[in-house]
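As a plain string of letters, each chain reads:
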Amino acid sequence: MSQSINLNELLTSAVDEGIISQGTLDIVDLNDSIVLGSNGSNVDEIMSTDVTLVTLVLDNSGSIGWHGLEDAVRKGQNEMLEAFSNSKQKDSIRIAQWFINEKNPLHSYTSIDDAVRLDSSNYNAGGGTPLYDRTFEAIVSNVAYAQQLRDTGTPVSNVVVIITDGLDEGSRKYKAGDCVKLIKDVMREQFSIVFVGVGNKYDFESVAKDMGIPKGNVLTVDSTPSEIRKACQMVSQSIIKASQTMIDPSNNNAFFL
């Protein structure tokens, strides 16, 4: 059976279980990005009784480099993974990592020990910001992989973290409205979608709102290395806290409140 057929079956099951709507599934392009993004750790290798999937979507557009923030993003990501590694919830967390300006994920869902730590050899800024495309594909990949876990009876919570310093620039497949439709669907279930805006050039609460992300899940920080690292620390602490209990769908719009 091909990966695309498997993906279609998984997403159809997600529709049947009310995770996403048929209308959302109809606009999904099951491309290589989603195939790779949903191809995580073998579910039989996960020993935890419940799992928290963390999907990290990091901006690597040219403006990150122009502002001298590449090293801060690397260090912030490393410190986030270190916080997960030192937590009691370490074994229940699986992480996937995406760069906004790369079509394919850095890697799909894997253990914290096996997650790639960023350095100058694997993270360098350049290019545009196809924010809508990458957000949509990362969330759909999350839905598909989570469905594999749900099909084995494993309870799953999901946290998607988007960190960017700009507006959408260069998306070719999906629009803001497509993200709204998808995010509205998944936030009825065990999903939190989190948006970290870097800098004061844009109104990131409005940027996030246009994508369907509620104000309580938006954090705006100054475009300085210390603020980016502080934001990563705050996000990791909130995720560790959230992983201790199942996400309450009636209260998943106040991640930073």
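Described in the following lines is the structure provided in the data block. Computed from a predicted model, the values in this text were never measured in an experiment. (Residues numbered from 1 in each chain as written. Predicted model: local features only at pLDDT ≥ 70, side-chain atom pairs only at ≥ 80, totals over all residues. Heavy atoms only, no water.)

Quick notes on the side chain of threonine 129
(1) Moving on: Considering the arrangement of structural elements, one finds threonine 129 in the loop between β3 (107-110) and α6 (131-151).
(2) Moving on: With residues up to four places along the chain from it excluded, the contact list for threonine 129 reads Asp59, Ser61, Ile100, Thr164, Leu167, Asp168, Glu169 and Gly170. (Helix = DSSP H or I, 4+ residues; strand = E, 2+ residues; numbered from the N terminus. Contact = heavy atoms within 4.5 Å.)

A look at the pattern of salt bridges
(1) Moving on: The tally for this structure, following the rule as stated, stands at nine salt bridges.
(2) Moving on: As a salt-bridge pair, arginine 74 and aspartate 71 come within 3.8 Å of each other at their nearest N and O atoms. Separated by three residues within a single helix, arginine 74 and aspartate 71 lie in helix α5 (residues 70-85), roughly one turn from each other.
(3) Moving on: Arginine 74 sits in the buried class, given a relative accessible area of 11%.
(4) Moving on: Residues aspartate 71 and lysine 75 are paired through a salt bridge, measuring 3.2 Å at the closest nitrogen-oxygen approach. Linking aspartate 71 with lysine 75, this pair stays in helix α5, spanning four residues, or about one helical turn.
(5) Moving on: Each of the salt bridges in this network shares a partner with another, and the network as a whole consists of Asp71, Arg74 and Lys75. (Salt bridge = Lys/Arg side-chain N within 4 Å of Asp/Glu carboxyl O. Buried < 20%, exposed > 50% of the residue type's maximum accessible area, 1.4 Å probe, protein only.)

Here we look at helix α8 (residues 204-211)
Side chains that are three or four residues apart share a direction in an α-helix, a result of its 3.6 residues per turn.
(1) Moving on: Within the sequence span of α8, burial applies to Phe204, Val207, Ala208 and Met211. For α8, the arc enclosing every buried residue in end-on projection is 95°, short of the 170-degree limit, so these residues lie on one face.
(2) Moving on: At its buried positions, α8 is contacted by α6, β4 (156-164), α7 (176-186), β5 (191-198) and β6 (218-221).
(3) Moving on: The residue sitting at the N-terminus of α8 and contributing the capping side-chain oxygen is aspartate 203; that oxygen lies 3.3 Å from the backbone nitrogen of glutamate 205.
(4) Moving on: Where α8 terminates, the next one or two residues include glycine 212, which has phi positive at roughly 95°. (Arc of directions from axis to C-beta. Polar contact = N/O pair within 3.5 Å; in protein donor to acceptor, adjacent residues only side chain to side chain.)

Topic: the packing of α5 against helix α9 (residues 225-242)
When two helices pack together, their arrangement is given by the angle between the helix axes and the distance between those axes.
(1) Moving on: Contact pair α5 / α9: the axes reach a minimum separation of 8 Å and the direction vectors enclose 25°. When the axis of α5 is compared with that of α9, the two are roughly parallel. Here the hand of the crossing between α5 and α9 comes out right-handed. Where α5 approaches α9, its residues Ala72, Val73, Lys75, Gly76, Gln77, Glu79, Met80, Ala83 and Phe84 are matched on the opposing element by Pro225, Ile228, Arg229, Cys232, Gln233, Val235, Ser236, Ile239 and Ile240.
(2) Moving on: Residues of the contact of α5 with α9, tallied by class, amount to eleven nonpolar, four polar and three charged. (Axes fitted to C-alpha atoms, helices over the stretch in contact; angles between N-to-C directions. Parallel < 35°, antiparallel > 145°, perpendicular 65-115°, else oblique. Left-handed = near helix turned anticlockwise from the far one by under 90°. Nonpolar A, V, L, I, M, F, W, Y, C, P; charged D, E, K, R; others polar.)

Some points on the nonpolar core
(1) Moving on: In this structure, Ile20, Val143, Val186, Ile193, Phe195 and Ile213 are the most contacted members of the largest nonpolar core, which totals 49 residues.
(2) Moving on: Excluding its chain neighbours within four sequence positions, the residues that come into contact with isoleucine 213 are Ile162, Ile183, Ile193, Phe195, Ala208 and Val218. (Core = buried A, V, L, I, M, F, W, Y, C linked by side-chain atoms within 4.5 Å.)

Quick look at the environment of arginine 172
(1) Moving on: Summarising the element assignment, arginine 172 is placed in the loop between β4 and α7.
(2) Moving on: With 109 residues separating them along the chain, arginine 172 and serine 63 place their C-alpha atoms 20 Å apart.

Observations regarding the pairing of β6
(1) Moving on: Both β5 and β6 contribute to a ladder of four bridges, which runs parallel. Residue pairing in the sheet places valine 196 in a bridge with leucine 219 of β6.
(2) Moving on: Handedness of the crossover joining β5 and β6 through α8 is recorded here as right-handed. (Pairing = 2+ DSSP bridges. Right-handed = clockwise from strand over helix to strand, strands pointing away.)

Comments concerning the sheet that holds strand β1 (residues 51-58)
(1) Moving on: The mixed open sheet is built from six strands, whose spatial order is β3-β2-β1-β4-β5-β6. Bordering the open sheet on either side are β3 and β6, each of which pairs with just one other strand. Recorded for the sheet is a direction-independent mean angle of 15° between the axes of neighbouring strands.
(2) Moving on: Sheet analysis places β4 next to β5, joined by seven bridges and oriented parallel. Looking across to β5, one finds that valine 160 is bridged to isoleucine 193.
(3) Moving on: The strands touched by α8 within the sheet are β4, β5 and β6, with β5 carrying the most contacts at an inclination of about 145°.

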